[in-house]
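# Report on the structure
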Amino acid sequence: TSGTEKTTLEKKGIDYQQVYNTIADMLEENEDYDDGSYGPVLVRLAWHSSGTYSAADGTGGSCGATMRFEPEATHGANNGLAVARDFLEKVKAKYPEISYGDLWTLAGICAIQEMGGPIIPWRPGRFDKTQEHVTPDGRLPDAAKDQRHVREIFYRMGFNDQEIVALLGAHAVGRCHTDRSGYEGPWTFAPTSFTNEYYKLLLDEKWVEKKWKGPKQYEDKKTHSLMMLPAEMTLAWDKEFKKWAQIYAKDQDKWFEDFSAAFSKLMELGVPYAADTKVYKFKPTTA
Ligand code: DDH
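Residues numbered from 1 in each chain as written. Predicted model: local features only at pLDDT ≥ 70, side-chain atom pairs only at ≥ 80, totals over all residues. Heavy atoms only, no water.

## Quick look at the overall build of the protein chain
- A tally of regular secondary structure across the protein chain gives 11 helices and 5 strands.
- Taken against the 2.2 N^0.38 rule, which gives 19 Å for 287 residues, the C-alpha radius of gyration of the protein chain at 18 Å falls within 12% of a compact globule.
- Out of the 287 residues in the protein chain, the part that is buried amounts to 55%.
- Of the contacts formed within the protein chain by residues at least 6 apart in sequence, a portion of 71% connects residues at least 24 apart.
- When the accessible surface of the protein chain is split by element, carbon and sulfur atoms take 49% of a total near 12800 Å². (Helix = DSSP H or I, 4+ residues; strand = E, 2+ residues; numbered from the N terminus. Rg over C-alpha atoms; globule rule 2.2 N^0.38 Å. Buried < 20%, exposed > 50% of the residue type's maximum accessible area, 1.4 Å probe, protein only. Contact = heavy atoms within 4.5 Å. Areas by Shrake-Rupley, 256 points an atom, 1.4 Å probe, with all protein chains shown as cover.)

## A few points about the site of the ligand
- For the ligand, the set of nearby residues contains 24 residues, the closest of which are His 171, Gly 174, Arg 175, His 177 and Ser 181.
- Between the ligand and Arg 175 there is a distance of 2.9 Å, counted from an oxygen atom to a backbone nitrogen or oxygen.
- His 177 is positioned such that a nitrogen or oxygen atom in its side chain is 2.6 Å from an oxygen atom of the ligand.
- A per-class count over the shell around the ligand returns 17 nonpolar, 4 polar and 3 charged.
- When residues of the shell around the ligand are assigned to domains, at least three map to each of domain 1 (3-139 + 263-268) and domain 2 (147-259). (Near = heavy atom within 4 Å. Polar contact = N/O pair within 3.5 Å; in protein donor to acceptor, adjacent residues only side chain to side chain. Nonpolar A, V, L, I, M, F, W, Y, C, P; charged D, E, K, R; others polar. Domains from an automatic or database assignment.)

## A few points about the coordination of the iron atom of the ligand
- Donation to the iron atom of the ligand from the protein comes from one atom only, His 171 (NE2), at 2.1 Å.
- Here His 171 shows up in the loop between helix H7 (161-168) and strand E1 (175-176). (Donors = N, O, S within 2.8 Å, 3.2 Å for Na, K, Ca; no water.)

## Brief notes about the environment of Ser 50
- Relative to the elements of secondary structure, Ser 50 occurs in helix H3 (residues 39-50).
- Under the relative-accessibility criterion, Ser 50 is labelled buried at 0%.
- Between the alpha carbons of Ser 50 and Met 227 there is a distance of 25 Å; along the sequence they are 177 residues apart.
- Those residues in contact with Ser 50 that sit more than four places away from it in its chain are Gly 61, Ser 62, Thr 105, Leu 266, Met 267 and Leu 269.

## Some remarks on the sheet that holds strand E5 (residues 227-228)
- Pairing in this open sheet of 3 strands is antiparallel, and the strands run E3-E4-E5 from one edge to the other. Edge positions in the open sheet fall to strand E3 (207-209) and E5, since each of these has one partner strand only.
- Pairing between E3 and strand E4 (residues 218-220): 3 bridges, direction antiparallel. If you follow Val 208 over to E4, its bridge partner there is Glu 219. (Pairing = 2+ DSSP bridges.)

## Describing the domain arrangement of the protein chain
- Each assigned domain of the protein chain is listed here: domain 1 (3-139 + 263-268) and domain 2 (147-259).
- For domain 1 versus domain 2, the distance between C-alpha centres works out to 23 Å.
- Facing 27 residues of domain 1, the contacting portion of domain 2 comprises 19 residues.
- Counting the surface lost from both domain 1 and domain 2, the interface buries some 2000 Å², and carbon and sulfur atoms represent 61% of this.
- Ranking the residues of domain 1 by area buried against domain 2 places Asp 35, Met 115 and Lys 265 at the top, with a combined share of 26%. (Buried area = accessible area lost by both parts, 1.4 Å probe.)

## Quick word on the environment of Asp 146
- Assignment of secondary structure puts Asp 146 in the loop between helix H5 (100-114) and helix H6 (147-157).
- Exposure remark for Asp 146: the relative accessible area of 27% places this residue in the partly exposed category.
- Considering only alpha carbons, one finds Asp 146 and Asn 78, 68 residues apart in sequence, at a separation of 20 Å.
- Only 2.9 Å separates the side chain of Asp 146 from the side chain of Arg 148, close enough to count as a polar contact.

## Considerations on the nonpolar core
- Core analysis: the largest hydrophobic core is formed by 86 residues, its most contacted members being Ile 23, Leu 88 and Phe 263.
- Tallying contributions element by element places H5 first for this core, with 9 residues.
- Looking at which domains feed residues into this core, each of domain 1 (3-139 + 263-268) and domain 2 (147-259) gives three or more.
- Residues within four places of Phe 263 in sequence aside, it is in contact with Val 43, Ala 46, Ile 109, Ile 112, Ile 120 and Leu 167. (Core = buried A, V, L, I, M, F, W, Y, C linked by side-chain atoms within 4.5 Å.)

## Topic: the pattern of salt bridges
- All told, the structure shown has 14 salt bridges when counted by the stated rule.
- Note that Asp 142 and Lys 145 form a salt bridge whose closest N and O atoms lie 3.9 Å from each other.
- Residue classification places Asp 142 among the partly exposed positions, given a relative accessible area of 31%.
- The partner of Asp 161 in a salt bridge is Arg 151, and the shortest N-O contact between them spans 3.0 Å. Of the two residues, Asp 161 sits in helix H7 while Arg 151 sits in helix H6, which places them 10 residues apart along the sequence.
- Overall, Asp 161 belongs to the buried group, its relative accessible area being 13%. (Salt bridge = Lys/Arg side-chain N within 4 Å of Asp/Glu carboxyl O.)

As structure tokens, this is what we get:
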């Protein structure tokens, strides 16, 4: 797409902090939803819309928001994300000029910051693409697989081991739903608080295979109320991954810094920015 189109978008004069504030005000509008916040599912939407990127050919990524279309909308990995997309339609109705890609990534960053996470720099400039640009299935990680698969998926996007481990700490928030992924349960005891608790639990608790009819997953031996996916147990089992998990378990500031950089990079994969695009750092409404 042309540079002209991008420039036009940047000149729209949208007050992005106002969009941020609008989303922040809606996060807890329905106390019956999950743990009382739409934050986690918005983070997952931002990640799944970006994590389709392939560095080799530049396809995928958050620019285009092709998850609006079939078959990407119903790829198995995206089960349940209609909840997040529908939630954000209310924001889109208020600010029709914002592109879906900008809206979804901004919402993910808003959710992380409002749940107590780090400030994540964000730039506008994504534009909507058509159904022809939907990405093939299989670009997002398969929770049943091992570290070879996890590395293959993230190396394809251009991430290294340290960034993989930093990104996975996002599982501090949210939960698995049997009617979405087939898995069940949260990773931490406070699934709407963005902290480094995920790494502490991963390394300190004893994880055993859950005895149930569902897909293979792990549960903490002590309370049977927390979960880990097979793919993420590799953070405790793989030597190089574990090194970073230990660092992040000990030092939340270090994790916040590395997470912010890695998540910002994730949101920008494949986005064709002009060199002078303004960087936003949104002010949390809770501060
Ligand atoms: Fe994740 N994730 N994720 N994840 N994810 C699920 C939920 C959430 C994997 C599998 C699952 C990241 C990486 C991985 C979030 C953020 C991030 C669920 C449950 C599965 C399964 C879905 C459901 O049933 O509702 C796997 C495998 C990986 C991997 O990399 C190996 C990353 C990198 C992020 C990120 O944001 C940076 C969030 C948040 C949720 C919780 C959603 C919710 O509704 O709650």
